[in-house]
Amino acid sequence: MARTRRPLIAGNWKMNGLKADALALAKDVAAGVQQAGWSDRELLVCPPATLVAAIVHVAGGSGLLVGGQNCHAKANGAHTGDVSAEMLKDAGASHVIVGHSERRADCGETDAIVRAKAEAAWRAGLLPIVCIGETLSEREAGDTLSVLETQLKGSVPPGATAANLVVAYEPVWAIGTGKTPTVAEVAAAHAHIRKVLGGLTSEAAGVRLLYGGSVKGSNAAELLAAGDVDGALVGGASLNAAEFLAIAKAA
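Quick summary incoming for the structure in this document. (Residues numbered from 1 in each chain as written. Predicted model: local features only at pLDDT ≥ 70, side-chain atom pairs only at ≥ 80, totals over all residues. Heavy atoms only, no water.)

### Focus on the overall build of the protein chain
Here is step 1 of the chain: Each helix and strand counted, the protein chain has ten helices and eight strands in total.
Here is step 2 of the chain: Compactness check: the protein chain gives a C-alpha radius of gyration of 17 Å against a globular reference of 18 Å for 251 residues, within 12% of the reference.
Here is step 3 of the chain: Projected onto the principal axes, the alpha-carbon positions of the protein chain cover approximately 45 × 45 × 35 Å.
Here is step 4 of the chain: Burial status across the protein chain gives 50% buried among its 251 residues.
Here is step 5 of the chain: By sequence separation, contacts in the protein chain at least 24 residues apart represent 73% of the contacts at least 6 residues apart.
Here is step 6 of the chain: With an accessible surface of roughly 10,800 Å², the protein chain has 55% of that area assigned to carbon and sulfur atoms. (Helix = DSSP H or I, 4+ residues; strand = E, 2+ residues; numbered from the N terminus. Rg over C-alpha atoms; globule rule 2.2 N^0.38 Å. Buried < 20%, exposed > 50% of the residue type's maximum accessible area, 1.4 Å probe, protein only. Contact = heavy atoms within 4.5 Å. Areas by Shrake-Rupley, 256 points an atom, 1.4 Å probe, with all protein chains shown as cover.)

What follows is the structure, encoded as structure tokens:
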């Protein structure tokens, strides 16, 4: 069966990259995208905010998209150290990650905060990638599907469509650990997410669902072939151009 949703391979660089190395990495990824000439999939890199504008410049014309890793819910104001969605848009970004588990854990971000950030992304003309995922203790307690449902219902604002929302499922215990759920477990989680989305938007069938959590070139094809998986949110492997492009090729 042909895909009806265009795969998205997104690289989350997290707090990594000084200008020289980051630009070299971006140039290599952009060159790979341009050489491949992919029209049936999208590649996105989300560098630290200090590098967004420079990488937008490097990626220009290649087809490589650039996004932010986080944004504040407000457009401006007395929020020292924060970056607004409008600032990311002004720097040339097209997407922004919101609600990543590291933000939820390290910064205490609640579903309500994530929802406000997704709304801010819409306000600025960015496409939010809303992240959800269970911890190891929640999985071991058998609460995975209920946790995903609660996070999804709390984090996705009213008005979601296939065009303005991407959801990323990242089991917290799989991020950076080298551990991954089985393909069947990933497919089950994504099928449940799609079902829950059906109660939030009439366009649930078209919303892209990404899998994240120790995705690499060696396991990408298997994970991306799972039911209801429309791409990947890649962490460490996105810091290596060859590895990141191998994941994209697997899509």
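From this point, things continue past the structure.
### A short note on the packing of helix α5 (residues 111–124) against helix α7 (residues 144–155)
Here is step 1 of the chain: Running from amino to carboxyl end, α5 crosses α7 at an angle of 45°, the nearest separation of the two axes being 7 Å. Between α5 and α7, the angle falls in the class oblique. Of the residues in α7, those in contact with Asp111, Ala112, Val114, Arg115 and Ala118 of α5 are Thr150, Gln151, Lys153, Gly154 and Ser155.
Here is step 2 of the chain: By residue class, the composition of the contact of α5 with α7 is three nonpolar, four polar and three charged. (Axes fitted to C-alpha atoms, helices over the stretch in contact; angles between N-to-C directions. Parallel < 35°, antiparallel > 145°, perpendicular 65-115°, else oblique. Nonpolar A, V, L, I, M, F, W, Y, C, P; charged D, E, K, R; others polar.)

### Here we look at the sheet that holds strand β4 (residues 95–98)
Here is step 1 of the chain: Sheet architecture is closed into a barrel: eight strands sit in the order β1-β2-β3-β4-β5-β6-β7-β8, paired in parallel fashion. When strand polarity is set aside, the average angle formed by the axes of neighbouring strands in this sheet is 25°.
Here is step 2 of the chain: Judged from the four bridges that link them, strand β1 (residues 8–12) and strand β8 (residues 231–234) form a sheet pairing that is parallel. Among the inter-strand pairings, Leu8 is bridged to a residue of β8, identified as Gly231.
Here is step 3 of the chain: This element, helix α2 (residues 52–59), spans β2 (42–46) and β3 (65–68) of the sheet and lies at about 170° to β3.
Here is step 4 of the chain: Sheet contacts for α7: β5 (127–132) and β6 (166–169); angle to β5, the most-contacted strand, approximately 150°. (Pairing = 2+ DSSP bridges.)

### Notes on helix α10 (residues 241–250)
Here is step 1 of the chain: By the burial criterion, the buried members of α10 are Ala241, Phe244, Leu245, Ile247 and Ala248. Along the axis of α10, the buried residues cluster in a sector spanning 155°; they form a single face. Exposed residues on α10 whose side chains face more than 90 degrees from its buried face are Ala242 and Lys249.
Here is step 2 of the chain: Elements in contact with the buried residues of α10: β1, α1 (19–36), β2, α9 (217–224) and β8. (Arc of directions from axis to C-beta.)

### Overview of the nonpolar core
Here is step 1 of the chain: With 64 residues, the main nonpolar core has Ile9, Ile55, Val167, Ile193 and Leu197 as its most contacted residues.
Here is step 2 of the chain: Counting residues per element, this core draws most heavily on α1, at seven residues.
Here is step 3 of the chain: Other than its neighbours up to four places away in sequence, Leu197 contacts Leu152, Leu165, Val167, Ala204, Val207 and Leu209. (Core = buried A, V, L, I, M, F, W, Y, C linked by side-chain atoms within 4.5 Å.)

### A few points about the packing of α9 against α10
Two packed helices can be described by the angle between their axes and the distance between those axes.
Here is step 1 of the chain: Contact geometry for α9 and α10: axes closest at 8 Å, N-to-C directions at 20°. Judged by the angle between their axes, α9 and α10 are roughly parallel. Crossing angle aside, the handedness with which α9 passes α10 is right-handed. Within the contact between the two elements, α9 uses Gly217, Ser218, Ala220, Ala221 and Leu224 and α10 uses Glu243, Ala246, Ile247 and Ala250.
Here is step 2 of the chain: Broken down by class, the residue content of the contact of α9 with α10 amounts to six nonpolar, two polar and one charged. (Left-handed = near helix turned anticlockwise from the far one by under 90°.)

### Points about the environment of Gly67
Here is step 1 of the chain: Note that Gly67 resides in strand β3.
Here is step 2 of the chain: Assessed through its relative accessible area of 0%, Gly67 is described here as buried.
Here is step 3 of the chain: In sequence terms Gly67 and Ala189 are 122 residues apart; their C-alpha atoms lie 26 Å from each other.
Here is step 4 of the chain: In contact with Gly67, not counting residues within four places along its chain, are Leu44, Val45, Cys46, Pro47, Val52, Ala93 and His95.

### A closer look at unusual backbone geometry
Here is step 1 of the chain: Here Lys14, not a glycine, exhibits a phi torsion of approximately 55°, which is positive.
Here is step 2 of the chain: Although it is not a glycine, Asp228 sits at a positive phi angle of roughly 65°.
Here is step 3 of the chain: Here Asp228 is to be found in the loop between α9 and β8.

### Brief notes about the pairing of β8
Here is step 1 of the chain: The side-chain alternation of β8 yields two buried faces, one formed by Gly231 and Leu233 and the other by Ala232 and Val234.
Here is step 2 of the chain: The pairing of strand β7 (residues 208–212) with β8 spans two bridges and is parallel. Along β8, the bridge assignment pairs Tyr211 with Ala232.
Here is step 3 of the chain: You can see the chain leave β7, run along α9 and come back into β8, and the turn it takes is right-handed. (Right-handed = clockwise from strand over helix to strand, strands pointing away.)

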